[in-house]
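# A look at the structure
Residues per chain are reported as follows:
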Amino acid sequence: MNIIIIEDEKPSARRLQRMLKAVNLNANTMLHSVEESIEWFKNNVHPDLIFLDIQLSDGLSFEIFEAVEIKSAVIFTTAYDEYALQAFKLNSIDYLLKPIDEDDLTTAVNKYKGRTPQKQSVTLDFNDIKNLLVNPLEREYKKRFSVKVGQHLKLINIEDIECIYSENKGTYAFTSEGRNYLLDATLDQLEDELEPDVFFRISRKFYININAIKDIVSYTNSRLEIKLNRFNEQQIIVARERVKDFKNWLE
């Protein structure tokens, strides 16, 4: 199988390359910009499968499709949520939310392998997609959670939550009162429900509230450690693949 990776963050590209190798797939070509990708596709045989980041250093990767007719299957690697991805249709096999999980990668690859072997042109309305990503549609985000406390239901306002995290197969909200509450949802299920300007998923395990950040400290392997106002039960580390997006989110 001929595979290429298009990703502007070289450490992320190399990590994905290693993850593919672990499932016996080789991606020997890695491209890092729209311009470089267009030039490559004009002068090389197109691959069977592309792992494609939506946001590249010099623009949205959809610009590649405007310049070159690509018949490869596509698996997106992206920080955009499912809501945004559902807004367009193209010859995509799957998408992977960053930071990429090994099991999710395996599932996406198996989905590609199990499809009917046929190639079709990628079709999309680039302007509609660009408008959506630059100016997201107005949405209603979650304002509160109802949680069970003994025989009672308690309402927790979203602004009172410092972080939401997973532990021992449970999902917990830690509040500014210094208490943990078990939620009836997974972090993945909350992806579309939390206001993205307020909550950021720094890893597979944690969402943090920007208003609860007390300090940000450099950590090993180019990562960051987050100190919240009250939460001190465990370290909160920004995954290396999320550091750039996290810094952008802070601004």
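This text goes with the structure placed above it.
Computed from a predicted structure; not experimentally measured.

Calculation criteria
Residues numbered from 1 in each chain as written. Predicted model: local features only at pLDDT ≥ 70, side-chain atom pairs only at ≥ 80, totals over all residues. Heavy atoms only, no water. Pairing = 2+ DSSP bridges. Helix = DSSP H or I, 4+ residues; strand = E, 2+ residues; numbered from the N terminus. Axes fitted to C-alpha atoms, helices over the stretch in contact; angles between N-to-C directions. 1 Å grid on protein atoms, 1.4 Å probe; cavity = no way out; pocket = protein on both sides within 12 Å on 5 of 7 lines; lining within 4 Å. Points joined across faces, edges and corners; volume = space filled by probe spheres on them. Nonpolar A, V, L, I, M, F, W, Y, C, P; charged D, E, K, R; others polar.

On to the sheet that holds strand β17 (residues 236–238). Read across the open sheet, the three strands follow the order β15-β16-β17; overall the sheet is antiparallel. Two strands lie at the open edges of the sheet, namely β15 (213–219) and β17, each paired on one side alone. Across the sheet, the mean angle separating the axes of adjacent strands is 30° when strand polarity is ignored. Two strands pair when backbone bridges link them, and β15 and strand β16 (residues 223–228) are joined in this way by six bridges, in the antiparallel orientation. From the neighbouring strand, S218 faces β16, where its bridge partner is L224.

Turning to empty space enclosed by the protein, a few remarks are in order. Evaluated as defined, the whole model comprises one cavity of 30 Å³ or more. Lining the largest cavity are E7, S12, R15, L16, T77, K98, P99, I100 and E241. Here the element with the most residues in the lining of the largest cavity is helix α1 (residues 10–22); it accounts for three residues. Class assignment of the residues belonging to the lining of the largest cavity gives a composition of three nonpolar, two polar and four charged.

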